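Breakdown of the fold
Given next are the chains, with one letter for each unit.
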Amino acid sequence: MDSKQEIFRITRRQFVTSSAAVLATSSLAHEANAVTALAGQPSEQGKSDVRPARGPFRVIIDTDPGVDDALALLLAMRSPELKIEAITPVAGNVPLGLTLPNALRLVEIAGRTDIPVAAGARTPLVRRLVTATYAHGENGLGGAVFPEPTTKPVATPAAEMICQIVRKYPGEVTLITIGPLTNVATAINSDPELAGIVRGLVMMGGSLSGGNITPAAEFNVYVDPEAARIVFQSGIPITMVGLDVTRKTSLTDDHVRTLEAAQNPVSQAAAKIGRNAINHNREHGYLVGPNMHDSLAVAGFLDPSILKLQDYYVDVETTGELTAGETLGYSPIAGDLRRRPGMEKDAAAANMPIRGSAPTLASTKTSPVLRDKFVPNTKVAIEVDSAKFFDLLIGRLSGSK
Ligand code: RIB
Ligand code: CA
């Protein structure tokens, strides 16, 4: 459901900088979480090491369902490798008054009312809520109607639930965020030790190749840029699954037909939501079906071979009148985001500090330098095996995998 992305020409901005020790520092962002270095895969280019070496993979899914959130949640609930400790709805695509019951509907459809659902933030940290009902429909599920849920949320608020679960399983819990980051930022702000005992965070969010709701910003980061900056600067090992790869996950009629042919409640619900979303895009003149942004974040965690990752220092624009929510990626590899084969490291880039905007005359700052050398804080997904992704998504939702 991506009415946002076709509107804007994709613009590419990438600041490059680096230190000669860039590859050796790629694990720095992860050393804060000693468990990662012990139990996870070695931190190397192209591999995410936020996934433990063995199951069960304890996860919390923070979400704003949401058409693509719905299929992502159904995928996660059909994946035996995941121990979903909680689902924490947040305001985003639609207000919390809809994302919460939509999450409850989905755990009922999947027969997973064993998973606690904890209500999260109704508004971003410091901004008015901007929703995406134009893309996700007034009910948040693309107009697909399901019965009112009878399941109730737990009384514990989302941020407190996140802190309780992470403290119960220090070093084991991965946060999978597929909506604005308000709940997670609130949890980080409420418990200064949290970032050091979270195993990792896999986000659908951000973009190093232009936005979807504005030319600069991807929706989840756009809704709450301040929350996103708190997360990127927290020290939690982050895998960013942004528009750079999720733009290659358009749901097709063939996918929906496969789901319709499978006779189980999950595939039927996914087909209903997907059919509505494809029809919406067609009616609004878009050439492709809705992108399964959020499912790619879940699938990339389930099977790290689906994504190719590159170390970046990522920061978030929070003061722009036009660019708030832009995620800027600083990398030791100059030039194009997708490293063309044989591209040598740009020697000039290897020694450049990380710069922000020029200080104004009113500022006390005299230098634009934010950091004097490149230290990555994020593994950014730069390539995706779309066929392998859809094989996993449709296979799990239809029950054939
Ligand atoms: O930009 C894509 C993101 O925004 C997805 O999480 C989608 O659900 C919307 O919230
Ligand atoms: Ca979402």
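Residues numbered from 1 in each chain as written. Chains lettered and ligands numbered in written order. Predicted model: local features only at pLDDT ≥ 70, side-chain atom pairs only at ≥ 80, totals over all residues. Heavy atoms only, no water.

**Remarks on the overall build of the protein chain**
- Summing up its helical and strand segments, the protein chain has 17 helices and 10 strands in all.
- Every one of the 401 residues in the protein chain was classed for burial, and the buried ones make up 60%.
- At a minimum sequence separation of 6, the contacts of the protein chain that also span at least 24 residues come to 81%.
- As displayed, the protein chain offers around 15,500 Å² of accessible surface, 55% of which is attributable to carbon and sulfur atoms. (Helix = DSSP H or I, 4+ residues; strand = E, 2+ residues; numbered from the N terminus. Buried < 20%, exposed > 50% of the residue type's maximum accessible area, 1.4 Å probe, protein only. Contact = heavy atoms within 4.5 Å. Areas by Shrake-Rupley, 256 points an atom, 1.4 Å probe, with all protein chains shown as cover.)

**A closer look at the site of ligand 1**
- Close to ligand 1 lie 13 residues, the nearest being Asp 68, Asn 93, Asn 212, Glu 218 and Asp 294.
- Between ligand 1 and Asp 64, the relevant distance is 3.2 Å, taken from an oxygen atom to a side-chain nitrogen or oxygen of the residue.
- At a separation of 3.0 Å, an oxygen atom of ligand 1 approaches a polar side-chain atom of Asn 220.
- For ligand 1, the accessible surface in isolation is 280 Å², of which the surrounding protein chains cover 99%.
- Contributions of two or more residues to the shell around ligand 1 are made by α4 (67–77), α10 (219–223) and α15 (293–302). (Near = heavy atom within 4 Å. Polar contact = N/O pair within 3.5 Å; in protein donor to acceptor, adjacent residues only side chain to side chain.)

**Re the sheet that holds strand β10 (residues 378–384)**
- With mixed pairing, 8 strands are arranged side by side in an open sheet as β2-β1-β3-β4-β5-β10-β6-β7. Looking at the sheet topology across the chains shown, the edges are occupied by β2 (82–89) and β7 (327–330). Across the sheet, the mean angle separating the axes of adjacent strands is 30° when strand polarity is ignored.
- Across 3 bridges, strand β5 (residues 238–241) lies against β10 in parallel orientation. Counted as the bridge partner of Thr 239 is Lys 379 from β10.
- Docked against the sheet, α4 engages β1 (57–63) and β2, running at close to 150° with respect to β2. (Pairing = 2+ DSSP bridges. Axes fitted to C-alpha atoms, helices over the stretch in contact; angles between N-to-C directions.)

**Overview of the nonpolar core**
- In terms of nonpolar packing, the biggest core is built from 64 residues, with Leu 74, Met 77, Leu 82, Ile 84, Ile 87, Leu 307 and Leu 397 touching the most fellow members.
- When residues in this core are grouped by element, the largest group, 9 residues, is from α4.
- Other than its neighbours up to four places away in sequence, Met 77 contacts Ile 84, Ile 87, Leu 106, Val 107, Ala 110, Arg 112 and Ile 115.
- If you look at the next biggest cluster of nonpolar residues, it comprises 36 residues, including Ala 118, Leu 175, Ile 236 and Met 240. (Core = buried A, V, L, I, M, F, W, Y, C linked by side-chain atoms within 4.5 Å.)

**Notes on the packing of aromatic side chains**
- Inspection of every chain in the model, using the stated rule, returns 3 aromatic pairs.
- Ring plane angle 80° and centroid distance 5.8 Å describe the contact between Phe 57 and Phe 301, whose orientation is recorded as edge-to-face. One end of the pair, Phe 57, is in strand β1; the other, Phe 301, is in helix α15, and 244 residues separate them in sequence.
- The class of Phe 301 is buried, set by a relative accessible area of 3%.
- Across from the ring centre of Tyr 169, 3.7 Å away, lies the NZ or CZ of Arg 58, which sits over that ring.
- In this structure, Lys 272 is placed above the aromatic ring of Phe 146, and the distance from its NZ or CZ to the ring centre is 4.5 Å. (Phe/Tyr/Trp six-rings, centres within 6.5 Å; stacked < 30°, edge-to-face > 60°. Lys NZ or Arg CZ within 6 Å of the ring centre and 35° of its normal.)

**A look at the side chain of Asn 212**
- When you line up the elements, Asn 212 lands in the loop between β4 (200–204) and α10.
- A relative accessible area of 2% places Asn 212 in the buried class.
- A distance of 3.0 Å separates a polar side-chain atom of Asn 212 from the backbone nitrogen of Phe 219.

**A few points about the coordination of the calcium ion (ligand 2)**
- Each protein donor to the calcium ion (ligand 2) is listed here as Asp 64 (OD), Asp 69 (OD), Asp 69 (OD), Ile 178 (O) and Asp 294 (OD); together their distances run 2.2 to 2.6 Å.
- The sequence pattern describing where the donors of the calcium ion (ligand 2) fall on their chain is D-x4-D-x108-I-x115-D. Of the two residues, Asp 64 is situated in the loop between β1 and α4 and Ile 178 in the loop between β3 (174–177) and α8 (182–190); the sequence distance between them amounts to 114 residues.
- For Asp 64, a relative accessible area of 0% gives the class buried. (Donors = N, O, S within 2.8 Å, 3.2 Å for Na, K, Ca; no water.)

**Things to note about the pairing of β4**
- With respect to burial, β4 is a largely interior element, 5 of its 5 residues being buried.
- A two-sided burial pattern is seen for β4, the buried positions comprising Gly 200, Val 202 and Met 204 on one face and Leu 201 and Met 203 on the other.
- In this sheet, β4 lies alongside β3 in parallel orientation, the contact comprising 4 bridges. Pairing of Leu 175 across the sheet is with Leu 201, part of β4.
- Note that β4 and β5 share 4 bridges and pair parallel. Bridge pairing in β5 links Val 202 to Thr 239.

**Some details on the pattern of salt bridges**
- Evaluation of the coordinates by the stated rule reveals 16 salt bridges.
- A salt bridge links Arg 396 to Glu 81, with the shortest nitrogen-to-oxygen separation between them at 2.8 Å. Taken as a pair, Arg 396 in helix α17 (residues 386–398) and Glu 81 in the loop between α4 and β2 lie far apart in primary sequence, 315 residues in all.
- Judged by its relative accessible area of 11%, Arg 396 is buried.
- Its salt-bridge partner being Glu 148, residue Arg 105 comes within 2.6 Å of it at the nearest N-O pair. Placement of the pair is Arg 105 in helix α5 (residues 96–109) and Glu 148 in the loop between α6 (133–136) and α7 (158–168), with a sequence separation of 43 residues. (Salt bridge = Lys/Arg side-chain N within 4 Å of Asp/Glu carboxyl O.)

**Here we look at the confidence of the model for the protein chain**
- Of the residues in the protein chain, 82% reach a pLDDT of 70 or more, and the chain-wide mean stands at 86.
- This stretch, residues 1–13, has a pLDDT under 50; its non-local contacts, to residues over four places away or in other chains, come to 46 contacts.
- Overall, residues 15–48 carries pLDDT values under 50, and its contacts beyond four positions in sequence, including any with other chains, amount to 91 contacts. (pLDDT = per-residue confidence, 0-100.)

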